[in-house]
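As a plain string of letters, each chain reads:
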Amino acid sequence: MTEKFPHADARKKKIASRAPSWIAPVLGGVVAAALTWGIGSTIFHGALVDQGLPEQVQSASDDERALWVRGGELADLAARANKLAELTDGSSAEALANLGASLAQGAALLGELQFEEQTPTALPQSYSPELVQELAQDVAKSSASLPALKKPSLQSTKLLSQIAFQTNLDANKAMDSLGEKNPPELAKPLSAVADQDQNQPVACLPDPNLLNADAEVKDSKNFDSVTVARALDRGYALDYALQLQAARGVSSQSAAIEKKRTALSKQLASLRSAVDAKCEDLRQPAYALPKDGLKDLGNVVSDATEDFDQALVLAAGSSDEGTGQRIAAVAFEVLDSEAKANPEHRILVSGASVN
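Because the structure is predicted, anything quoted here is derived from the model rather than measured.

## Overview of the state of the cysteines
And then number 1: Within the structure shown, the criterion is met by one disulfide.
And then number 2: Two residues, Cys-204 and Cys-279, share a disulfide whose sulfurs are 2.0 Å apart. In this structure the cystine formed by Cys-204 and Cys-279 twists about its S-S bond by roughly -100°; its chirality is therefore left-handed. Of this pair, Cys-204 sits in the loop between helix H6 (154-176) and helix H7 (223-248) while Cys-279 is found in the loop between helix H8 (254-272) and helix H9 (283-286), placing the two residues 75 residues apart along the sequence.
And then number 3: Residue class for Cys-279 comes out buried when judged on its relative accessible area of 10%.

Given below as structure tokens:
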């Protein structure tokens, strides 16, 4: 909430319509933004190793290739989702189309690297609930971990984490559309941990100025401490805005607001428990209301909610091993609750919005 709360990301116009209607215009901006970032948007079909790689692939870094490979995997999953959507109707068709659109958007953001010698993705020839379950499980499995990058950046981590959470949420919605009483449980996003016992607390924020989301974090070893601190700062800011809304708003809404604050308090406590107990509390910086914020508390709360979502997702992707999984669990709880309350809610936004 740059114009509203300090330390927040620049506010861009939110996407109002759902997939698949929004995906065509979004992908145009996505590809342009990806080119600007140098992250992806290049599709290398027919790149045979034994015949020589295209120059752009040959000169690419290992990290760029890793992102392109993940993009190819997302594109394959998108093709399966879209084919299943074509073969059915009703709520399942809509949920599968939304899943396919999110997967395709992720592939466009990362770029695709596929080889002609690879076996083409087998597309379903008929619809069945079992095929939807299999697809949803494959999507969730893909979202459970991020590609291993030698030189990760907050920019790439944010994008990969957004893709992981959005596609996982849409996979769960596809499962829900089947209406089964006991559906198989899907893996949670960023839940794959090699050693559950390695759960070191997150270090303290190295510099208070790094709470500002526009501040560059130059040392990768500070990614986890900075992103978790920013998530806490945004969470405390949301709680403060909710307090004001409950006190100054319509009395009939106060009970619902306090219920949300109770849930938020538990989420923040879980997030705070991942940080070294010796670190100072970050509540005070968050108690800064935007100029004229009291006149428009509804939008302040909405913007604070979005800032908290984005900060949580980035913190989950930036933290290591067991600590990252704990933060990811909080992030999924928050996003899943919001997605159920508002079907339009998305954590993965257009390329123009996340730049």
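## So, the layout of surface pockets
And then number 1: Here the second largest pocket is characterised by a volume of approximately 570 Å³.
And then number 2: Every element with two or more residues in the lining of the second largest pocket is listed here: H6, H7, helix H10 (297-318) and helix H11 (321-341).

## Here's the deal with empty space enclosed by the protein
And then number 1: Per the stated rule, a full pass over the model turns up one cavity of 30 Å³ or more.
And then number 2: By volume, the largest cavity amounts to about 60 Å³.
And then number 3: Lining the largest cavity are Arg-70, Leu-74, Leu-110, Ser-142, Ser-143, Leu-160, Ile-163, Ala-164 and Thr-167.
And then number 4: Only helix H3 (62-86), helix H5 (129-143) and H6 provide two or more residues apiece to the lining of the largest cavity.
And then number 5: Ranked by residue count, the leading element in the lining of the largest cavity is H6, at four residues.
And then number 6: For the lining of the largest cavity, the per-class residue count stands at five nonpolar, three polar and one charged.

## A word on H6
And then number 1: With 23 residues, H6 should cover 33 Å at 1.5 Å per step; its first-to-last C-alpha distance of 33 Å lies within 8% of that length.
And then number 2: Burial analysis of H6 places 19 of its 23 residues in the buried class, which makes it a mostly covered element.

## Let's talk about the packing of H3 against H5
And then number 1: Running from N to C, H3 and H5 point in directions that differ by 160°, and their axes come no closer than 11 Å. One finds that H3 runs roughly antiparallel with respect to H5. Viewed along their axes, H3 and H5 form a crossing whose handedness is left-handed. When H3 is examined against H5, the residues Arg-70, Leu-74, Leu-77, Arg-80, Ala-81 and Leu-84 are found in contact with a partner set consisting of Leu-131, Val-132, Glu-134, Leu-135, Asp-138, Val-139 and Ser-142.
And then number 2: Counted by class, the contact of H3 with H5 contains eight nonpolar, one polar and four charged residues.

## Some words on the pattern of salt bridges
And then number 1: Scanning all chains against the criterion turns up eleven salt bridges.
And then number 2: Among the ionic pairs, Glu-73 bridges to Arg-70, the shortest N-O distance being 3.3 Å. One end of the pair is Glu-73 and the other is Arg-70, both in helix H3 and three residues apart, which spans about a single turn.
And then number 3: Salt bridges sharing partners connect three or more residues here, namely Asp-239, Glu-258 and Arg-261.

So, how was this worked out
Residues numbered from 1 in each chain as written. Predicted model: local features only at pLDDT ≥ 70, side-chain atom pairs only at ≥ 80, totals over all residues. Heavy atoms only, no water. Disulfide = S-S within 2.5 Å. Helix = DSSP H or I, 4+ residues; strand = E, 2+ residues; numbered from the N terminus. Buried < 20%, exposed > 50% of the residue type's maximum accessible area, 1.4 Å probe, protein only. 1 Å grid on protein atoms, 1.4 Å probe; cavity = no way out; pocket = protein on both sides within 12 Å on 5 of 7 lines; lining within 4 Å. Points joined across faces, edges and corners; volume = space filled by probe spheres on them. Nonpolar A, V, L, I, M, F, W, Y, C, P; charged D, E, K, R; others polar. Expected span 1.5 Å × (residues − 1). Axes fitted to C-alpha atoms, helices over the stretch in contact; angles between N-to-C directions. Parallel < 35°, antiparallel > 145°, perpendicular 65-115°, else oblique. Left-handed = near helix turned anticlockwise from the far one by under 90°. Contact = heavy atoms within 4.5 Å. Salt bridge = Lys/Arg side-chain N within 4 Å of Asp/Glu carboxyl O.

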